[in-house]
Amino acid sequence: MATEQYTPSLFPEGRRVKVLLPLPLAGAYDYAVPEGMDPQPGDFVSVPLGNQMRTGVVWDEPEKPEGEPVAASRLKPIEQLLIAPRLPAMNRRFVEWIADYCVAAPGAVLRMAMSVPKALEPPRARTAFARAETLPAGLKRTAARNRILALLEDGPPRGASDLAREAGVSTGVVKGLADMGALLPVRVEERLRWREPDPMRPGPVLSVEQEEAADALRGEAGFVVSLLDGITGSGKTEVYFEAIAETLKQGRQVMVLLPEIALSAQWLERFEERFGVMPAEWHSDLSPTQRRNTWRGVAEGNVKVLVGARSALHLPFPDLGLIVVDEEHDSSFKQEDGVVYHARDMAVVRARLADIPIILASATPSLETLANAEGGRYRHLKLTSRHGTAELPDITLIDLREHKPPRQCWISPALRQAVEETLARGEQALLFLNRRGYAPLTLCRSCGHRIGCPNCQAWLVEHRFGRRLECHHCGYMAPMPKDCPDCGAEDSLTACGPGVERLAEEASALYPEAAMEVVTSDTLQGPLAAAAFVDRMTSGETQLIIGTQIVAKGYHFPMLTLVGVIDADLGLDGGDLRAAERTYQLLSQVAGRAGRGGRAGRVLVQTANPDAGVLKALAEGDRDGFMSAETDQRRSGNWPPFGRLAALVVSGPEEGPLDDLCRALARTAPGGDKLRVLGPAPAPLALLRGRFRRRFLIRTERGIAIQKAIRDWLSQVRPLSNQRIQVDIDPYSFM
Ligand code: ADP
Ligand code: ZN
């Protein structure tokens, strides 16, 4: 029998390339290159897969071949090379890096970079007119005709309506000239013009402290991470605008990541004031056409500054020169669905790959970032005072055990009076309660039944404005029943605990004259609604806000002088790794809304635990003391960032097979003295969207290759097709 040898007939000379498809497959597939086509890495191509056509990206050849090549006779050819800008090498390395770090399929990561299939279609062409080299003999020259011909003498070809408008004639004149052969039709690509931000426009005069920070940032080149650490209202935005201006002067692109980009109306306005034009935006509220144009504009290098949510990270910037992550500590940068990753951390990786500077800005930096700054890996720039005459507000704790609100009420007498005084002075107040809806729980007084979600292990939240019950985990909705769904008792259902709607009810009874507004993600949907809200606040039309964390971020309302925190203990209940840190960040952020103009602000924080370290630190303004105590705890417990942590969330529609899978995972779990696997345990949300869930937690010492251990582990089990194992490196959510 012949030994297996290289058989020329099986591998003819034809060229082959690797194509990565935006699907959760193991890797890139080989395709044959048809005669006359010359695909290069990064090119978008359409290729057959099964009996469908798919769009993928020509991938780089691996350094060493991976296993046996597919026989040439079995290779399918590339169908088409798309006319679109290539996916830059940087993005391809970035896809690989994320896949590797997050233990995800490269194609699943690529899918995030290819979220706009329409952007890969050829740009639409339209007809424009150029002046004929020689004008037809006998052309009658009228004034109107002359104007058009003169316009085209030294200008580019233009469409009929543009020409007519510029020459001040009717389109009929253009058509007439074309019919006679004096104008020749040409096809031109439709290109969107992006007006460029102007870095030469003067910014504000910076304070000494601001100027020092701006100067440090302007001078940066190559990969360097700067933590811009400044109290709320200290001018961090103004300072990083200077770094943006510097990058624009070099002609390079800038990406700014913000949490809740759809709500950043004020940020956009300030950008426009500083640079003369709006930046391009990237978030879920864009229309399909806007998405297409923006993707294309970025890829072609015409978009100079883009501000976006975490998904902006995957856009194909050909010449990115600077990344800014504002509110870097914000937990919304962590993506929890699909490929689980932290956009702030990945932004740092992206900057490193591209060898460019990155700025992380925050008034309450995350513990991880502070540890990096203290370890000397990040540069630490500090802004310690508010701009102008504004001062940080006074923060006072109100002990709810002593200052009890009346029954079924949540505003203590002290807070009640403070709001009254504020409104009487013509100033604005904010009551902060991080809970949407009317009440988090509905209970039957007769049988004790609590109304739960049929798809999740969670209670339904009453939304009284919308007259319904809602699950905040899966979106399930049901009309509010009149009678108990369990025992049938009439009118026995009662609301337990407050949400913003219920608080609004209480406030409108206390301050019937005040113009009040409830502000949550239910009421502020989209940039327009947010802009209208900002107008109502700036004009003073709204006097009292009842809001969730959505109003905690970024807003600058000079007449807002009082912030009341209704329940500071809410976020501490979960007890996870970052509960205290998050509470500190959220509360100091919301506190930072008060007193940003000339008038002094104050903050009253209601709590039943006034001795909790985090609240004491908040009241004393001792962020550094609090963070260093937290850091010590994490260090001694070997928690991140001092040890490493990963989670597996295993889910499936049926409990029996799910437990079988968990047993298989438990049997094959890695171990050792530097790596421990805990679990399986039912997840706190043991039923979510109709799927049962179990969790494993993997803890290792620093320096252990946690990804490799997980990959080896997962290669030993075979989940059913309806089961899922989601890997979460550096988990933030423990639900
Ligand atoms: P932060 O981002 O640190 O919360 P901002 O950049 O939003 O602070 O600044 C707070 C307010 O002070 C904004 O209205 C900003 O325009 C204003 N401000 C900050 N620095 C200056 C400056 N040097 N000159 C004029 N206005 C400034
Ligand atoms: Zn649900």
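Along each chain, residue indices are assigned from 1 in the same order as the chain's sequence is written. Labels are handed out in written order, letters beginning with A for the chains and numbers beginning with 1 for the ligands. Totals for whole chains, interfaces and linings use all residues, but because this is a predicted model, local features are given only for residues with pLDDT of at least 70 and pairs of side-chain atoms are given and counted only at 80 or more. Excluding hydrogens and water, the side-chain values take into account all heavy atoms of the structure.

### Some points on the coordination of the zinc ion (ligand 2)
For step 1, the next point in the chain: For the zinc ion (ligand 2), every protein donor is listed as Cys453 (SG), Cys456 (SG), Cys471 (SG) and Cys474 (SG), and the spread of their distances is 2.3 to 2.4 Å.
For step 2, the next point in the chain: The donor definition counts N, O and S atoms within 2.8 Å of each metal and applies 3.2 Å to Na, K and Ca; water is not among these atoms, so some sites may look incomplete. Square planar and octahedral assignments, for four and six donors respectively, both demand that opposite donors be over 155 degrees apart and that all other angles lie between 65 and 115; tetrahedral needs four donors with all angles between 85 and 135 degrees, and anything else is irregular. Coordination geometry of the zinc ion (ligand 2): the 4 donor atoms subtend angles of 105 to 115° at the metal centre, consistent with an arrangement described as tetrahedral.
For step 3, the next point in the chain: For the zinc ion (ligand 2), the single-chain donor residues occur in sequence as C-x2-C-x14-C-x2-C.
For step 4, the next point in the chain: The classification of residues rests on relative accessible area computed with a 1.4 Å probe and restricted to protein chains. Under 20% of the type maximum is buried, over 50% is exposed, and intermediate values are partly exposed. Given the relative accessible area of 9%, cysteine 453 is considered buried.

### Examining a negative patch on the surface
For step 1, the next point in the chain: Taken together, Glu269, Glu272, Glu273, Asp535 and Glu541 make up a surface patch of like negative charges.
For step 2, the next point in the chain: Along the chain, glutamate 269 turns up in helix α8 (residues 265-275). Like-charged residues are merged into a patch within 9 Å and nonpolar side chains (Val, Leu, Ile, Met, Phe, Trp, Tyr) within 5 Å, provided each residue has over 30% relative accessible area and no salt bridge. Each accessible area value is a Shrake-Rupley result obtained with a 1.4 Å probe; residue values ignore everything except the protein chains displayed when judging cover. The rule for a salt bridge is simple: a side-chain nitrogen of Lys or Arg has to be within 4 Å of a carboxyl oxygen of Asp or Glu. Under the convention used here, Asp and Glu are negative, Lys and Arg are positive, and both His and the chain ends fall outside the count. For this purpose, a charge sits on NZ of Lys, CZ of Arg, CG of Asp or CD of Glu. Only runs of H or I of at least four residues qualify as helices and only runs of E of at least two qualify as strands under DSSP, and these elements are numbered from the N terminus.

### Remarks on the site of ligand 1
For step 1, the next point in the chain: Any residue with a heavy atom lying within 4 Å of a molecule or strand is counted as near it. Within the structure, ligand 1 sits among 16 residues, and Val205, Gly233, Lys236, Thr237 and Arg270 are positioned closest to it.
For step 2, the next point in the chain: Between N or O atoms, a polar contact is any pair within 3.5 Å; within protein, one atom must be a potential hydrogen donor and the other a potential acceptor, and residues adjacent in sequence are included only when both atoms are from side chains. Contacts to ligand 1 include serine 234, whose backbone N or O atom sits 3.2 Å from an oxygen atom.
For step 3, the next point in the chain: Residue arginine 270 places a side-chain N or O atom 2.6 Å away from an oxygen atom belonging to ligand 1.
For step 4, the next point in the chain: Out of a free accessible area of 550 Å², ligand 1 has 81% covered by protein chains.

### Some points on the sheet that holds strand β21 (residues 468-470)
For step 1, the next point in the chain: One requirement defines pairing of two strands: DSSP has to find at least two bridges between them. Taken in spatial order, the 3 strands make up an open sheet running β20-β21-β22, and their pairing is antiparallel. Looking at which strands have only one partner, the edges of the open sheet turn out to be β20 (461-463) and β22 (477-479). Here the average twist between neighbouring strands, direction ignored, is 30°.
For step 2, the next point in the chain: Pairing analysis gives 3 bridges linking β21 to β22, with the strands arranged antiparallel. Bridging across to β22, arginine 468 finds its partner in proline 479. Convention adopted: a line fitted to C-alpha atoms gives each axis, helices being fitted over their contacting stretch, and angles between N-to-C directions are expressed from 0 to 180 degrees.

### Quick word on the pattern of salt bridges
For step 1, the next point in the chain: Summed over all chains, the structure comprises 46 salt bridges.
For step 2, the next point in the chain: Among the ionic pairs, arginine 270 bridges to glutamate 238, the shortest N-O distance being 2.9 Å. Here arginine 270 is found in helix α8, whereas its partner glutamate 238 is found in helix α7 (residues 236-249), with 32 residues between them in sequence.
For step 3, the next point in the chain: The class for arginine 270 is partly exposed, based on a relative accessible area of 30%.
For step 4, the next point in the chain: Bridged by salt links that share partners, the residues Glu211, Asp215, Arg218, Glu242 and Arg274 form one connected network.

### What to know about the sheet that holds strand β2 (residues 29-32)
For step 1, the next point in the chain: Spatial strand order, β2-β1-β4-β3-β5: 5 strands in an open sheet with antiparallel pairing. Strands at the two margins of the open sheet, each flanked by one partner only, are β2 and β5 (80-81).
For step 2, the next point in the chain: Pairing geometry for strand β3 (residues 44-49) and strand β4 (residues 52-59), over 6 bridges, is antiparallel. Residue pairing for β4: valine 45 is matched across the bridge by glycine 56.
For step 3, the next point in the chain: Contact criterion: two residues are considered in contact whenever any of their non-hydrogen atoms come within 4.5 Å of each other. Docked against the sheet, helix α1 (residues 89-102) engages β1 (16-20) and β4, running at close to 100° with respect to β4.

### Quick word on the packing of aromatic side chains
For any pair of aromatic rings, the description rests on two quantities: the centre-to-centre distance and the angle between the ring planes.
For step 1, the next point in the chain: The rule is short: rings of Phe, Tyr and Trp, with Trp giving its six-membered ring, pair when the centres are within 6.5 Å, and they are stacked under 30 degrees, edge-to-face over 60, tilted in between. This structure, assessed with the given rule, holds 13 aromatic pairs.
For step 2, the next point in the chain: Ring centres of phenylalanine 44 and tryptophan 295 lie 6.0 Å apart, and the angle between their planes is 65°; this geometry places the pair in the edge-to-face category. Taken together, the positions of phenylalanine 44 in strand β3 and tryptophan 295 in helix α9 (residues 288-299) put the pair 251 residues apart, joining distant regions of the chain.
For step 3, the next point in the chain: Residue classification places tryptophan 295 among the buried residues on the basis of a relative accessible area of 2%.
For step 4, the next point in the chain: Chaining the aromatic ring pairs together yields one cluster made of Tyr240, Phe241, Trp267, Phe271 and Phe275.
For step 5, the next point in the chain: Directly above the ring of phenylalanine 275 sits arginine 274, whose terminal nitrogen or CZ lies 4.9 Å from the centroid.
For step 6, the next point in the chain: Charge-over-ring contacts are defined here by two conditions on Lys NZ or Arg CZ: a distance within 6 Å of the ring centre and an angle within 35 degrees of the ring normal. In this arrangement the basic side chain of arginine 291 is found over the ring face of tryptophan 282, its NZ or CZ atom lying 4.7 Å from the centre.

### Comments concerning the pairing of strand β31 (residues 724-729)
For step 1, the next point in the chain: For β31, a buried count of 5 out of 6 residues is recorded, marking the element as mostly surrounded by other parts of the structure.
For step 2, the next point in the chain: Where strand β28 (residues 643-652) and β31 come together, 6 bridges link them in antiparallel fashion. Bridging across to β31, valine 649 finds its partner in glutamine 726.

### Re the pairing of β4
For step 1, the next point in the chain: Looking at chain direction, β1 and β4 are connected through 3 bridges and run antiparallel. The partner of lysine 18 across the bridge, within β4, is tryptophan 59.
For step 2, the next point in the chain: Remark: 2 residues form the turn of the hairpin made by β3 and β4, two consecutive strands paired antiparallel; glycine 50 in that turn has positive phi of roughly 60°.

### Side note on unusual backbone geometry
For step 1, the next point in the chain: Cis geometry is adopted by the peptide bond preceding proline 641, which originates at proline 640 and carries an omega value of 5°.
For step 2, the next point in the chain: On the secondary structure map, proline 641 appears in the loop between α17 (623-636) and β28.
For step 3, the next point in the chain: In the segment running from glycine 679 into proline 680, the intervening peptide bond is cis, with an omega of 10°.
For step 4, the next point in the chain: Looking at where proline 680 falls in the secondary structure, it is placed in strand β29 (residues 675-688).
For step 5, the next point in the chain: One non-glycine residue, valine 103, adopts positive backbone phi at about 50°.
For step 6, the next point in the chain: Within the secondary structure, valine 103 is located in the loop between α1 and α2 (106-113).
For step 7, the next point in the chain: Notably, aspartate 730 is not glycine yet its phi reads approximately 55°, a positive angle.
For step 8, the next point in the chain: Along the chain, aspartate 730 falls in the segment after β31.

### Here we look at the packing of helix α6 (residues 208-218) against α7
For step 1, the next point in the chain: It is the contact of α6 with α7, at a shortest axis distance of 8 Å, that shows an interaxial angle of 30°. On the basis of their axis angle, the class for α6 and α7 is roughly parallel. Relative to α7, α6 is oriented so that their crossing is right-handed. Across the interface between the two elements, Gln210, Ala213, Ala214, Leu217 and Arg218 from α6 touch Val239, Tyr240, Glu242, Ala243 and Glu246 from α7.
For step 2, the next point in the chain: Its residues placed into classes, the contact of α6 with α7 shows 6 nonpolar, 1 polar and 3 charged. Should an angle lie under 35 degrees it is considered roughly parallel, over 145 roughly antiparallel, and from 65 to 115 roughly perpendicular; all remaining angles are considered oblique. Put simply, a crossing is left-handed when the front helix is turned counterclockwise from the back one by less than a right angle, and right-handed when it is turned clockwise. Each residue is assigned to one of three groups, with Ala, Val, Leu, Ile, Met, Phe, Trp, Tyr, Cys and Pro labelled nonpolar, Asp, Glu, Lys and Arg labelled charged, and all others, Gly among them, labelled polar.

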